[in-house]
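# Coordinate analysis (summary)
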Amino acid sequence: MQTKITQVDILHRIPKLRKNTCWKKLPNGEYYINSTDFNSPLFVSEYVIDFLRLATGESTIIQICEKAGLCVNESNISEIYELYYVILYPTGVLEAEEIEIKKKKSDINLSFTILPKKNVILISKHLSFLFQKNVVVISLLFSLFLMFLGSIYFWHAKLTLNIVNSGEPIIITILLILIFFLHELGHSSALYYFGENPRKIGIGLYLFAPVMFADVTDSWKLNNKQRMVIDIGGLYFQLIASCLYIFIFLISDYNVFFITALFSFAIGIFNLNPFVKMDGYWLLSDFINCMDLKQRSRKLTLLYIQYLLKKKLSFRIRDIFFVLYYLVSFLFRFAFITYMLFWNIELFMKVPTNFKSIALTILERKYSDINIILIESIILPVIVIF
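Residues numbered from 1 in each chain as written. Predicted model: local features only at pLDDT ≥ 70, side-chain atom pairs only at ≥ 80, totals over all residues. Heavy atoms only, no water.

A few words on the overall build of the protein chain. Along the backbone of the protein chain there are 15 helices and eight strands. Within the protein chain, the fraction of its 386 residues that count as buried is 39%. The long-range fraction of contacts in the protein chain, counting pairs at least 24 apart against all pairs at least 6 apart in sequence, stands at 66%. Accessible surface, the protein chain: about 22900 Å² in total, of which carbon and sulfur atoms supply 65%. (Helix = DSSP H or I, 4+ residues; strand = E, 2+ residues; numbered from the N terminus. Buried < 20%, exposed > 50% of the residue type's maximum accessible area, 1.4 Å probe, protein only. Contact = heavy atoms within 4.5 Å. Areas by Shrake-Rupley, 256 points an atom, 1.4 Å probe, with all protein chains shown as cover.)

Here it is in structure tokens:
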């Protein structure tokens, strides 16, 4: 149900700042503002912050207009009202009852917490030293050395990667879950290293596939270079963990650890894909210092298409990147879906049979018959469809 707001209502509105609202000045002069209750970060100018300071819950729109040193007229009053109740209020930074506040929609659905904020901060505090420059250099060199040794050993020993009809897939799955957890701790620890507190670590569905995630919302308080370190922090921890698996493999000769490391490396490379909202996407976004890369590239592309149809085309150099990004992103998704639907149609046809096989295997407790390829044959079609 909608309600109409009269001019009298506007004049006597009393905006009040929500208690859990905070802001921080960024190096570029802008301010990062956010309500921890609604998690809808916004970047504003110092002009807006001055008006937020006046939103004490004691002054009407007219009184705020006077305190700001503005002429009390219809134009200024409407501008202030729009600032408070059209721009700021939907983000949850103001207290009021007449307008519905909508939390920012997350890309992750059906999420739940596996490690609360207090525990994440505690663990991140002890792991944040890994982002000291000297430690990073030593860790990367040692990891590369282990990767080299593992590759040499693997090549000469001609190890088999066959994990079908054995209990190894279950072990590999558990080891991968541990790596994914450490990956998220990498993001959280990087945020803590730069002086901000991480929030929870959880599990949810992204593109209808299960994923782990770390809530590092406060990273927007930092500059883009620091955010890039946070973006890559997960893969940094993942690399270290994977190389530790290689080390265990070298001293134990247990192939499962090496196979898990290979899977981890492959997943890490895929994670750098900038066309899906994973680490690669956020790394690219922070590199160009653009908070909403996907939305902005889409809007600019549609805008330039309209200009092209009207024969009023005039590109800005920076906008060319956004248009190209959107076009390449669209082609990537189209090519992937086309490939899966037309060249791998048998994969879709076998989904019922494969699902039945996994279900019967679990019911009969023949876990050794489950393999990675069988699981992927069900997950990939589901991702493509949705």
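Once you've had a look at it, read on.
Between helix α8 (residues 224-252) and helix α10 (residues 279-287), whose axes approach to 8 Å, the crossing angle comes to 165 degrees. With respect to α10, the element α8 is oriented roughly antiparallel. As α8 runs across α10, the sense of the crossing is left-handed. Along the contact surface, α8 presents N224, R227, M228, D231, I232 and L235, while α10 presents D279, W282, L283, D286 and F287. (Axes fitted to C-alpha atoms, helices over the stretch in contact; angles between N-to-C directions. Parallel < 35°, antiparallel > 145°, perpendicular 65-115°, else oblique. Left-handed = near helix turned anticlockwise from the far one by under 90°.)

Let us look at the packing of aromatic side chains. For the coordinates displayed, the defined rule picks out 14 aromatic pairs. In textbook terms, an aromatic cluster arises when at least three aromatic residues are bridged by ring pairs, as seen for F131, Y193, F194, Y236 and F237. (Phe/Tyr/Trp six-rings, centres within 6.5 Å; stacked < 30°, edge-to-face > 60°.)

In this section: the pairing of strand β3 (residues 31-35). Most of β3 is tucked away, with five of its five residues classed as buried. Counting the residues in the hairpin turn of strand β2 (residues 21-25) and β3 gives five residues, including G29, whose phi is positive at 95 degrees. With three bridges joining them, β3 and strand β4 (residues 42-44) adopt antiparallel strand pairing. Bridging from a neighbouring strand, Y31 pairs with V44 of β4. (Pairing = 2+ DSSP bridges.)

Below, the discussion takes up the layout of surface pockets. Empty pockets left among the atoms are what a rolling probe the size of a water molecule brings to light. Of the volumes computed, that of the second largest pocket is approximately 300 Å³. What lines the second largest pocket is a set of 15 residues, among which I232, L235, Y236, L239 and L272 lie closest to the centre. Elements represented by at least two residues in the lining of the second largest pocket include exactly α6 (133-157), α8 and α9 (255-271). At seven residues, the largest contribution of residues to the lining of the second largest pocket is made by α8. (1 Å grid on protein atoms, 1.4 Å probe; cavity = no way out; pocket = protein on both sides within 12 Å on 5 of 7 lines; lining within 4 Å. Points joined across faces, edges and corners; volume = space filled by probe spheres on them.)

Attention now moves to the packing of helix α2 (residues 46-54) against helix α4 (residues 74-88). With their axes 12 Å apart at the nearest point, α2 and α4 run at an angle of 90 degrees to one another. As summarised for this structure, α2 and α4 are arranged roughly perpendicular, according to the angle between their axes. Judged by residue contacts, Y47, V48, F51, L52 and L54 of α2 engage E79, I80, L83, Y84 and L88 from α4.

This paragraph deals with the nonpolar core. Where a protein is soluble and globular, its nonpolar side chains tend to be buried together. Membership of the largest hydrophobic core comes to 22 residues, with the highest contact counts inside it found for L52, I80, Y84, L88 and L94. Those elements that place two or more of their residues in this core are β3, α2, α3 (61-67) and α4. With seven residues, the single largest contributor to this core is α4. Ignoring any residue separated from it by four or fewer positions in sequence, one finds L52 in contact with L17, W23, I33, Y84, L88, V93 and L94. (Core = buried A, V, L, I, M, F, W, Y, C linked by side-chain atoms within 4.5 Å.)

Turning to the side chain of H187, a few remarks are in order. Mapping H187 onto the fold places it in helix α7 (residues 168-193). Given a relative accessible area of 7%, H187 falls into the buried group. Of the polar contacts made by the side chain of H187, one reaches the backbone nitrogen of G234; its length is 3.5 Å. Setting aside its immediate chain neighbours within four residues, H187 contacts A214, V216, I230, D231, G233, G234 and D279. (Polar contact = N/O pair within 3.5 Å; in protein donor to acceptor, adjacent residues only side chain to side chain.)

Glancing now at the side chain of S139. Inspection of the secondary structure puts S139 in helix α6. If we ignore the near neighbours within four places in the chain, the residues touching S139 are L130, Y236 and I240.

Right, let's talk about α9 for a bit. For α9, which comprises 17 residues, the first-to-last C-alpha distance of 24 Å matches the rise-based estimate of 24 Å (1.5 Å per residue) to within 8%. By the burial criterion, the buried members of α9 are N255, V256, F257, F258, I259, T260, A261, S264, G268 and N271. (Expected span 1.5 Å × (residues − 1).)

One pass over the structure, following the stated rule, counts three salt bridges. One salt bridge connects R53 with D50, and the closest N-O pair in it is separated by 3.1 Å. Here the residue R53 and the residue D50 both occupy positions in helix α2, the gap between them amounting to three residues, near one helical turn. Looking at R53, the relative accessible area reads 45%, which means it is partly exposed. Between D218 and R199 there is a salt bridge; the shortest N-O distance is 3.0 Å. Here D218 is found in the loop between β8 (209-214) and α8, whereas its partner R199 is found in the loop between α7 and β7 (201-206), with 19 residues between them in sequence. Judged by its relative accessible area of 11%, D218 falls in the buried class. A relative accessible area of 12% means that R199 is categorised as buried. (Salt bridge = Lys/Arg side-chain N within 4 Å of Asp/Glu carboxyl O.)

The sheet built from three strands is open, its strands ordered β2-β3-β4 with antiparallel pairing. Looking at strand neighbours, the two that pair on one side only are β2 and β4, the edges of this open sheet. Here the average twist between neighbouring strands, direction ignored, is 25 degrees. Bridge analysis of β2 against β3 gives five bridges, and the strand direction is antiparallel. When the sheet's bridge partners are listed, W23 is paired in β3 with I33.

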